[in-house]
Amino acid sequence: MQRRNVVGNPLASTAGAVSAADDESALPPYTDLLWPTLQAVIGLGGSGAIDEIDTAVSERVGLSAAARAVLHGDGPGTEIEYRVAWARTYLKGMGLLANARRGVWSVTDRGRAVRESEIRPMQIAYTAEKRRKRMVRSSSGAQVVPLVAAPEDPELWREPVLGAVTDLPDDGFERLVTAVLRAAGFTTLITLDPDESTDADVVEGTGVLRVSLLSFSVFFRFVRGRERVAADVVREFRAAMVGRGEKGLLVSTGEFTDDARAEAHRHGAPPIDLVDGDGLCDLLKEHRLGVRTTVRTVEDVALVPAFFADLAGY
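Okay, so let's go over this structure. Since the model is a prediction, treat every value here as computed from it, not as a measurement.

**Side note on the sheet that holds strand S4 (residues 186–191)**
Item 1. An order of S4-S5-S6-S8-S10 is seen for the five strands of this open sheet, with the pairing classed as mixed. At either end of the open sheet lies a strand with only one pairing partner, and these are S4 and strand S10 (272–275). With strand direction ignored, the average angle separating the axes of adjacent strands in the sheet is 25 degrees.
Item 2. Of the pairings in the sheet, the one linking strand S6 (residues 214–223) to strand S8 (residues 247–252) comprises six bridges and is parallel in character.

Encoded structure:
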């Protein structure tokens, strides 16, 4: 496989660099893969596994073997896999695809009915809504980290990260939970056996978190697959927490409703810390777990009218 020519990982030769750059330039941006990805899923009978979709999209857009082989960064995934993943994420946000089962994507009724000419306006509207929500979070005091995840949209880097978390097998998800907690300072981690958990997409257990001179026993639960977590989930978690920890940590790849957040800090009840999908992504970014941050220098170039006015003798 060929590698992209990225800073810190130069290719072995100039000729190789030119070849890899040419191959990558042949790859369409993910915005141009929205319609081919949707049609690929429809062509697979309405649903398909990730590798099936990747292959079908590559065939639809007529990619050469060399272009398909270009790695994203240092790999192991390819650049086309990365861009098709972005396309699937957008199509889900636009209501055209769904992934009710991990690793399997299916077309929705809306996705079957949509026309190609409608895709671009829908993508623009979806992007604008995501930015609006980000601005609301920023104005409310939440931390916003403006990273560049793709040239077309710097605000949506969390989407493919959450998609990767969702697509992990059960044991991989448990390993991710363990890695996040240990990176955050937890010790003595104990997770429940899979057959003891009520849901395959739930990892829960206990751990000890040390903060300065103090240590706390924490009962934690990581949930994936739910787009919105309501108050009843928080209440059930609090009941399960009895006798297991002094504090509770509930993490979801989705969002918590306002009622769920109110329930987590209800007066007279043990408080529960909530971490939503954006917060989980920020943790992965902070501890460099599956997320790479690239610092870029941006030039702001602007006209200086006074200079030209002086030349003109004004």
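**With respect to unusual backbone geometry**
Item 1. With a phi angle near 50 degrees, Thr-188 is a residue other than glycine that sits in the positive phi range.
Item 2. With respect to the helices and strands, Thr-188 occurs in strand S4.
Item 3. Residue Thr-188 is classed as exposed on the basis of its relative accessible area of 56%.
Item 4. Even without glycine at this site, Arg-288 takes up a positive phi of about 55 degrees.
Item 5. For Arg-288, the position within the fold is in the loop between helix H12 (277–286) and helix H13 (305–312).

What counts and what doesn't
- Residues numbered from 1 in each chain as written.
- Predicted model: local features only at pLDDT ≥ 70, side-chain atom pairs only at ≥ 80, totals over all residues.
- Heavy atoms only, no water.
- Pairing = 2+ DSSP bridges.
- Helix = DSSP H or I, 4+ residues; strand = E, 2+ residues; numbered from the N terminus.
- Axes fitted to C-alpha atoms, helices over the stretch in contact; angles between N-to-C directions.
- Buried < 20%, exposed > 50% of the residue type's maximum accessible area, 1.4 Å probe, protein only.

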